[in-house]
Amino acid sequence: MQTTVIHASRILTPEEEISDGIIVVEGSRIASLGHRDTVRIPAGATDYVAAGTTVVPGFVDVHIHGAGGHDVMEANARALDRITSVVARHGTTSMVATTVTAPVEETCHSLAGIARYIRSHENAEEVNPESRPQAEILGIHLEGPFISKAQRGVHPAETIARPSIEVLDRFMKAADGLVRILTVAPELPGALEMIAHAVAENIVVALGHTDADYDQARAAIEAGARHSVHFYNAMRPFTHRDPGIVGAILTDPEVTAEMIADLVHVAGPAIQVLLGTKGFDTVLLASDGIAATAMADGNYRLGNFDVTVKNGVARNSEGKLAGSTLTLDRAVRNVVGLGVSFKDAVRMATILPARRLGLAGRKGVIAEGADADLLMLTPDLRVAGVMTRGAGLS
Ligand SMILES: [Zn+2]
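Residues numbered from 1 in each chain as written. Predicted model: local features only at pLDDT ≥ 70, side-chain atom pairs only at ≥ 80, totals over all residues. Heavy atoms only, no water.

To continue, consider the overall build of the protein chain. Looking only at helices and strands, one finds ten helices and 19 strands in the protein chain. Taken over C-alpha atoms, the radius of gyration comes to 20 Å for the protein chain, in line with the 21 Å a tight globule of 394 residues would show. For the C-alpha atoms alone, the extent of the protein chain along its principal axes is close to 60 × 40 × 40 Å. Counting the 394 residues in the protein chain, one finds 60% classified as buried. For the protein chain, contacts bridging at least 24 residues in sequence account for 71% of all contacts bridging at least 6. If you sum the accessible surface of the protein chain, you get close to 15200 Å²; carbon and sulfur atoms cover 49% of it. Each charge sign in the protein chain was given a centre, from 35 positive and 46 negative side chains, and these centres are 3 Å apart. (Helix = DSSP H or I, 4+ residues; strand = E, 2+ residues; numbered from the N terminus. Rg over C-alpha atoms; globule rule 2.2 N^0.38 Å. Buried < 20%, exposed > 50% of the residue type's maximum accessible area, 1.4 Å probe, protein only. Contact = heavy atoms within 4.5 Å. Areas by Shrake-Rupley, 256 points an atom, 1.4 Å probe, with all protein chains shown as cover. Lys, Arg positive; Asp, Glu negative; His and termini not counted. Charge placed at Lys NZ, Arg CZ, Asp CG, Glu CD.)

This is how it looks when you write it as C-alpha cells:
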C-alpha cells in the first residue's frame, strides 16, 4: 500500500491545533497523526513537506450545481469528472451534487447518471498517488421541485411540484438510494408527511425556497427538518411581528443554516446577525456554485435554463441571482475578512457539513481512519496543495 508522510508546521484537525505535526497516509486513509515526536514513521514512505502552510481537512460542499463549464444534471462521466477536478483545486474534496427544479423524467435521468458515476467510484481502494485530486460525490441534493412558487428564485415555475411521497420515491429509486439532502418548502400541502418519510429514509431535510411563516417552519422542524439552504435567500423575509422561517431557524439550535458567503447573496452585516444569533456550530459554508464557477464571464446553463455571468455574478434573464461562482476557499477567506476566526471558518467548511451529513468520522476531519482529504493553506488562505483520498499530492 502506498504510504505518504506529510510534515506540517501546523495542522488544524479542525478541533485541535498541532504544531510541528506529522500525518501518515496509508492508501486512501489517515493512519496516524500527531506531534512529530509522537508519531512512528513507517519505513519506505514517501515524504511530503508542507512547509509554511497549515494542513486542514478538505472542504465539504453540501450545495453545488456545477463548475468548470458543466452542470451536475448533465450527469455523464465527462461532466462530473470535470466538475470534481475543478472544485478540488479550490479545496473542495467532497460534495453533494445538487439538482435544480426540472421535469420529473429529466430529473430521474440526471439522478440515474449521477448515481452510476458515484457507484463506479465506490470501492476504488487502490490509490494511485499520481492521479490528480478529485472531489468525491457523496450523494445528491434535490433542490426542487417541492418548493414555493413565491420564493422560487430562478427555479422554473412550470415544473415546481407539490410535495409527493410517490414522486420522491421515484427520485430515490432513480438515484439508487443516493439522495442525501432534500430541499422543501414546508408550507406546501403534503410537505409534513413527505418530510417525515424522507427523514425515515435517512435523508437530511432542508428548508428552502419557502414562504413559510414561523408556525409552519416549526411544524417542519418537529417533523424532522434539520437544515436550511442558502439562509436568507429565497425565504420569506424576517420582520419583528412576522419572524417567519428566518426567525424559526435563527432560534433553533438543532437546525443548521447554509450560507453563501460570496458577499453578493447576503450582506456582511446580515452574516454577522446570523453568526451572532446561531453561533459557530450550526452555520455551514456552501457554494451554490454553478457551471460558470472557475470560468470566464459569459452565458451558461443551470439545470435546463440559461444564466448570464457578469463580474462573476450569475443571473437569469429577469436579473434574479442564479446560484454563484463561489468556491469554498474564497468563502473561507470572505468570512475571515468579516472577523470570523480561521479555526471557525475552517470548521464551517469541513466538520460542520460533514456532521450534518452524518459523515463526521470519515469526512471534514483529520483523524485516524478518516479519508485522507487534506488541504495545504498558505497564510493568506490560498490552496497550495490538495490530497483527495490519498491521491494528488505528488
Ligand atoms: Zn436555490
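What follows is about the pairing of strand β19 (residues 383-387). Sheet analysis places strand β18 (residues 374-377) next to β19, joined by four bridges and oriented antiparallel. Bridging across to β19, Leu374 finds its partner in Met387. Two successive antiparallel strands, β18 and β19, enclose a turn made up of five residues, where Leu381 displays a positive phi of approximately 65 degrees. (Pairing = 2+ DSSP bridges.)

For the rest of this paragraph, the subject is the sheet that holds strand β9 (residues 136-143). Hydrogen bonds between backbone atoms are what pair the strands of a sheet, whose relative direction is either parallel or antiparallel. With parallel pairing, the eight strands of this open sheet are ordered in space as β5-β8-β9-β10-β11-β12-β13-β14. In the strand order of this sheet, the two ends are held by β5 (59-64) and β14 (283-285), each with one partner. In the sheet, strand β10 (residues 179-184) pairs with strand β11 (residues 204-207) via four bridges, with the strands oriented parallel. Looking at β11, one finds that Thr183 is bridged to Ala206. Each of β5, β13 (256-259) and β14 touches helix α9 (residues 342-349); the most contacted strand, β14, lies at about 80 degrees to it. (Axes fitted to C-alpha atoms, helices over the stretch in contact; angles between N-to-C directions.)

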